[in-house]
Amino acid sequence: MPGAGPPQKHLLLVGGGHAHVLVLDAFARKPEPDLEITLVTKAGLTPYSGMLPGHLAGAYRREEIHIDLERLARRSGARLIRDEAVRFDTRARRVCLRSGRALPYDVLSIDIGITPDLSEIAGAAEHALAVKPIGDLLEGWDRLVADRAGAGGPRRFAVVGGGVAGICLAFAVSAFLRARTAEPVQVALVGASASPEINAGMRRRIAKALTRLGIGVHEGDPAVAVDPGGVRLASGGHVPADAVLVATRAGPPPSIRDAALAKDRDGFLAVGPTLQSLDDEAVFAAGDCAAMVAHPRPKAGVFAVRQGPVLARNLRRALRGEALEAYVPQRDHLMLIATGDGRAIGGRGRFIAFEGRLAWRLKDWLDRRFMRRFA
Ligand SMILES: Cc1cc2nc3c(=O)[nH]c(=O)nc-3n(C[C@H](O)[C@H](O)[C@H](O)COP(=O)(O)OP(=O)(O)OC[C@H]3O[C@@H](n4cnc5c(N)ncnc54)[C@H](O)[C@@H]3O)c2cc1C
């Protein structure tokens, strides 16, 4: 047949998470011939998690912390479909969308983040704002602040969950309130725990900063319920709050729970060192929704970002029928937590820890540099 080249293959990317924005960026920089790319995403803009607390604290405008997926898709020649994947039919090699459409694929990649698990805290679903998935957080935040804007707005916030996200949020919310009113405000961090990612030096600096900023800490006393007036603790105590944010455990989205794909013991998609599903070579997964079973790492944007370029190369190789690259994620990473007062606390591994204005400048520079790629 005249002009008949190799058959066009279809790469289907589901979710506009941190790894997929780097995949799109890689295909924009180096297009692949005879390849059709489709991105299915619930939202046209995806927030960059590193700058999200800074936005709540007032350091960044909303457009500064979002990656424009429409623009990125255009640049990489991908078709963007604003929809939600609800079922992964891997046997028929197609993904079913909420709209009723079904999209076939040759190679599928999933990067859809995680869903909050509020089941252990009674009343949280009704009375608190879950901070994950991060794509939905800002919408909920706007509603929360607007709904209670009367009489000066919420003055007492409680953040439930003492992991990295909870700590970042407590600092951010405190800065938000201090910028909003000169009157006394109250921020509480409930259920603070010794997160293994945070080394002892950082932990000491975080504790000092929380005290300096007047943020109350309820350590080792987890939240058992949220009611309209605040948070009830396991000890029987009650933390009064006008607004409650929950940054505790999160689980896989329902579409993943129902997929006939290998999972780890927490239900996340089990992938090998090539980021391929353990039981389906045509399916890749990255970011929080995936678990690298041979090299487990915390659920953090930084690991999703690191997976992006490897994922791009392996998707390309899989589509070309070439051998794939094995990836071992680094054991630790530079962690920087903004305290919302022009300073940040940083650390790496077990022993390095530092704090100050320079740390905030470094964080700001690194985050802005990352975002410039997508400008
Ligand atoms: C307040 C806060 C601060 C944080 N700060 C940091 C930090 O400083 N550093 C760090 O490393 N990590 C941080 N994290 C963690 C970080 O947010 C996550 O690890 C990161 O977002 C995971 O990225 P991801 O690629 O897995 O997916 P996500 O960034 O969650 O993106 C998933 C995307 O998929 C889309 N999507 C979801 N479901 C579907 C579907 N069914 N169909 C189609 N599209 C779908 C969503 O709209 C979204 O665009 C923070 C988290 C929080 C809550």
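Residues numbered from 1 in each chain as written. Predicted model: local features only at pLDDT ≥ 70, side-chain atom pairs only at ≥ 80, totals over all residues. Heavy atoms only, no water.

Taking an unreviewed UniProt entry as the reference, the protein chain is identified by name as FAD-dependent oxidoreductase belonging to Microvirga aerilata.

Trainee: Sorry if this is basic, but what is going on with the environment of Ala-286 here?
Mentor: Here Ala-286 lies in the loop between β22 (280-285) and β23 (290-292). Given a relative accessible area of 0%, Ala-286 falls into the buried group. Between the alpha carbons of Ala-286 and Glu-36 there is a distance of 20 Å; along the sequence they are 250 residues apart. Beyond its immediate chain neighbours, meaning those up to four positions away, Ala-286 contacts Ala-19, Ile-110, Asp-111, Gln-307 and Leu-311. (Helix = DSSP H or I, 4+ residues; strand = E, 2+ residues; numbered from the N terminus. Buried < 20%, exposed > 50% of the residue type's maximum accessible area, 1.4 Å probe, protein only. Contact = heavy atoms within 4.5 Å.)

Trainee: Just checking my understanding: could you explain the pairing of strand β7 (residues 94-97) for this structure?
Mentor: If a strand is regular, its side chains alternate between the two faces of the sheet. Bridge count for strand β6 (residues 85-89) against β7 is 4 bridges, and the pairing is antiparallel. Pairing of Arg-87 across the sheet is with Cys-96, part of β7. Where β6 hands over to β7, the hairpin turn is made up of 4 residues, of which Arg-93 adopts a positive phi near 50°. (Pairing = 2+ DSSP bridges.)

Trainee: Please clarify how the site of the ligand should be interpreted in this entry.
Mentor: Inspection of the region around the ligand gives 31 residues, with His-18, Asp-111, Asp-288, Gly-301 and Val-302 positioned closest. The separation between an oxygen atom of the ligand and a polar side-chain atom of Thr-46 is 3.1 Å. Separating a nitrogen atom of the ligand from a backbone N or O atom of Ala-85 is a distance of 3.0 Å. For the ligand, the accessible surface in isolation is 1,000 Å², of which the surrounding protein chains cover 92%. Taken together, the elements giving at least two residues each to the shell around the ligand come down to α1 (18-29), β2 (35-41), α6 (164-180) and α9 (301-320). Per element, the largest residue contribution to the shell around the ligand is 3 residues, and it comes from α9. Each residue belonging to the shell around the ligand can be placed in one class, and the counts come to 13 nonpolar, 11 polar and 7 charged. Of the residues that make up the shell around the ligand, three or more belong to each of domain 1 (9-114 + 252-320) and domain 2 (119-248). (Near = heavy atom within 4 Å. Polar contact = N/O pair within 3.5 Å; in protein donor to acceptor, adjacent residues only side chain to side chain. Areas by Shrake-Rupley, 256 points an atom, 1.4 Å probe, with all protein chains shown as cover. Nonpolar A, V, L, I, M, F, W, Y, C, P; charged D, E, K, R; others polar. Domains from an automatic or database assignment.)

Trainee: When you look at empty space enclosed by the protein in this model, what are you seeing that I'm missing?
Mentor: A water-sized probe, rolled over the atoms, reveals where empty space remains. Here the structure, examined in full by the defined rule, presents 2 cavities of 30 Å³ or more. Estimates place the volume of the largest cavity at around 50 Å³. Taken together, Pro-116, Leu-118, Ala-130, Val-131, Lys-132, Val-246, Ala-247, Thr-248, Arg-249 and Ala-250 make up the lining of the largest cavity. Looking at the lining of the largest cavity, its residues break down into 7 nonpolar, 1 polar and 2 charged. (1 Å grid on protein atoms, 1.4 Å probe; cavity = no way out; pocket = protein on both sides within 12 Å on 5 of 7 lines; lining within 4 Å. Points joined across faces, edges and corners; volume = space filled by probe spheres on them.)

Trainee: Can you walk me through the domain arrangement of the protein chain in this structure?
Mentor: Accessible area lost upon the coming together of the parts is a frequently used measure of interface size. What the domain assignment reports for the protein chain is domain 1 (9-114 + 252-320) and domain 2 (119-248). A C-alpha centroid distance of 29 Å is found between domain 1 and domain 2. In this complex, domain 1 contributes 14 residues to the contact, which on the side of domain 2 involves 15 residues. Linking domain 1 with domain 2 are 1 salt bridge, by the criterion used here. Notably, a salt bridge pairs Asp-142 with Arg-62, separated by 2.6 Å at the nearest N-O pair. On the surface where domain 1 and domain 2 come into contact, there are 1 residue pair in polar contact (both at pLDDT 80 or more). The element that contributes the greatest number of residues to the side of domain 1 that touches domain 2 is helix α2 (residues 52-56), accounting for 4 residues. Looking at the side of domain 1 that touches domain 2 residue by residue, the class counts come to 8 nonpolar, 4 polar and 2 charged. (Salt bridge = Lys/Arg side-chain N within 4 Å of Asp/Glu carboxyl O.)

Trainee: Can you help me understand the pattern of salt bridges in this one?
Mentor: A side chain of one charge can pair with a side chain of the opposite charge if their charged atoms are brought near each other. For the structure on display, the rule yields 24 salt bridges. Across the salt bridge formed by Arg-61 and Glu-64, the nearest N and O atoms sit 3.9 Å from each other. Across the pair Arg-143 and Glu-139 runs a salt bridge whose closest N-O atoms are separated by 4.0 Å. Note that Arg-143 and Glu-139 are positioned in helix α5 (residues 134-147) at a spacing of 4 residues, about one turn of the helix. Here Arg-143 falls in the partly exposed class, since its relative accessible area comes to 49%.

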